Amino acid sequence: MIDVLIVDDSASIRERLAVLLIETGQIRIAGQAGNSGDGWKAVQRLKPDTVLLDIRMPDNSGIALLKNIKAHYPETTVIMLTNYDDPIYRTQCRRLGADYFLNKTLEFEEIADTITAHSAR
């Protein structure tokens with residue numbers, strides 16, 4: 001099983017992701033967080049295999065959390081999820097170590113396949 005932490009300020013997005021991922025039979029939801037502060041605490045406590053991370057959250061940037069995760073847990077796969085598919089964000093996230101950068105609107109259904117394919121490598 002692949003343990004995944006979902007960090008997104010939208011409860012409905014977190015729920016949709018959880019259902020989508022659980023349906024694979026290969027992914028377990030290790031936890032969920034609605035902001036980057038709680039997300040960081042969950043990463044430290046749960047040490048998930050993969051973190052699904054929204055870029056924009058009310059308390060802090062998902063980009064700052066990405067930087068923290070990769071500095072302390074470089075082996076953790078981080079998939080950035082956003083509706084802000086700006087090349088500047090994509091470049092910055094890649095530079096900070098994001099493994100994937102997916103557009104929530106266009107690539108939502110690809111998230112589970114991305115996680116399982118990465119894990120199989």
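Coordinates for the structure precede this section.
Bear in mind the structure is a predicted one, so any value in this text is a computation, not a measurement.

What counts, and where the lines are drawn
- Along each chain, numbering runs from 1 in the same order as the chain's sequence is written.
- Predicted model: local features are reported for residues with pLDDT of at least 70 only, side-chain atom pairs are reported and counted for 80 or more only, and whole-chain, interface and lining totals are derived from all residues.
- Side-chain metrics in this entry use all non-hydrogen atoms of the structure; hydrogen atoms and water are not considered.
- A helix here means a DSSP run of H or I that spans at least four residues, while a strand means a run of E at least two residues long, and both kinds are numbered starting from the N terminus.
- Relative accessibility decides the category of a residue: with a 1.4 Å probe and only protein chains considered, values under 20% of the type maximum give buried, values over 50% give exposed, and everything between is partly exposed.
- In summary, the charge assignment counts Lys and Arg as positive and Asp and Glu as negative, without counting His or the chain termini.
- For this document, the term salt bridge refers to a Lys or Arg side-chain nitrogen within 4 Å of an Asp or Glu carboxyl oxygen.
- Polar contact criterion, stated in full: a pair of N or O atoms within 3.5 Å, where within protein one must be able to donate a hydrogen and the other to accept it, and residues adjacent in sequence count only if both atoms are side-chain atoms.
- Throughout, a contact is declared for two residues whenever any of their heavy atoms are within 4.5 Å.
- Each residue after the first adds 1.5 Å to the expected span of a helix.
- The directions considered for the arc run from the helix axis to the C-beta atoms.

A. Highlighting the side chain of Arg14. Tracing the backbone through its elements, the reader meets Arg14 in helix α1 (residues 11–22). Here Arg14 occupies a buried position and makes no salt bridge, while the nearest side chain of opposite charge, Asp8, is found at 5.7 Å. A distance of 2.6 Å separates a polar side-chain atom of Arg14 from the backbone oxygen of Asp8. Those residues within four positions of Arg14 in sequence are excluded, and the remaining contacts are Ile6, Asp8, Asp9, Gln32, Ala33 and Gly34.

B. Local environment of the pattern of salt bridges. Scanning the model with the defined rule gives 4 salt bridges in all. The partner of Lys104 in a salt bridge is Asp8, with the nearest N and O atoms 2.7 Å apart. A residue pair is termed long-range when its members are at least 10 positions apart, and Lys104 in helix α5 (residues 104–107) and Asp8 in the loop between β1 (2–7) and α1 qualify at 96 residues. One exposure class covers both Lys104 and Asp8, and it is buried. The structure contains a network of salt bridges with shared partners spanning Asp8, Asp54 and Lys104.

C. Spotlight on α1. Between its first and last C-alpha, α1 extends 16 Å over 12 residues, near the 16 Å set by a 1.5 Å rise per residue. Listing the buried residues of α1 in full gives Ile13, Arg14, Leu17, Ala18, Leu20 and Leu21. Taken down its axis, α1 places every buried residue within 170° of arc, on the same side. Elements in contact with the buried residues of α1: β1, β2 (27–33), β3 (50–54), β4 (77–82), α5 and α6 (111–120).

D. Expanded view of the side chain of Thr50. Secondary-structure assignment places Thr50 in strand β3. Every residue in contact with Thr50, bar those within four places of it in the chain, is listed here: Ile2, Asp3, Val4, Leu5, Thr76, Thr77, Ile79 and Ile115.

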